[in-house]
Amino acid sequence: EPEIEPEIKPEVEIEPSTPCTNSRNESSSENEASSVNVVKDIANLVPKDAIHGISKLQQNILNNLTTTNKTLTDFNIFSEEKYASVAPELSKLAKSLKTIKNDLDYIYKKTSAIKSKLR
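What follows is about the pattern of salt bridges. Pairing of side chains with opposite charge becomes possible as their charged atoms draw close. Throughout the structure, instances matching the rule amount to two salt bridges. One salt bridge in this structure joins Asp74 and Lys70, with 3.1 Å as the shortest N-O distance. In this pair, Asp74 and Lys70 are both assigned in helix H2 (residues 48–118), four residues apart and thus about one turn of the helix distant. For Asp74, a relative accessible area of 39% translates into the label partly exposed. For Lys101, the salt bridge is made with Asp105, and the minimal N-O distance between the two is 2.8 Å. Placement of both Lys101 and Asp105 in helix H2 is noted, with a separation of four residues, approximately one turn of the helix.

Quick notes on the rules
Residues numbered from 1 in each chain as written. Predicted model: local features only at pLDDT ≥ 70, side-chain atom pairs only at ≥ 80, totals over all residues. Heavy atoms only, no water. Salt bridge = Lys/Arg side-chain N within 4 Å of Asp/Glu carboxyl O. Helix = DSSP H or I, 4+ residues; strand = E, 2+ residues; numbered from the N terminus. Buried < 20%, exposed > 50% of the residue type's maximum accessible area, 1.4 Å probe, protein only.

Set out below in structure tokens:
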């Protein structure tokens, strides 16, 4: 014999909204009653403990995301401050590297010219 599950009542009583009309021209009260029954049936598909578990899980995820967001904001502020303090030095070093590259290019051209004369 199949096991019959007990009916689980929704925590919130749902009031019917504006009635829908259909092609069978049901009366308004029949349509409202039908809508309420459909909503109750849908609400009873998922057990209360599962809904509670999902709600707890969502709250944990929200807390984790909030904490992560704060950590990232703090890190971005820290990074911005550190970059501002080292940016002038990086700019000087970049100019020095460009000068060194130009000098090495000049040296390469001169050594290539000398090498070709020696051949």
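Structure shown, so let's carry the discussion forward.
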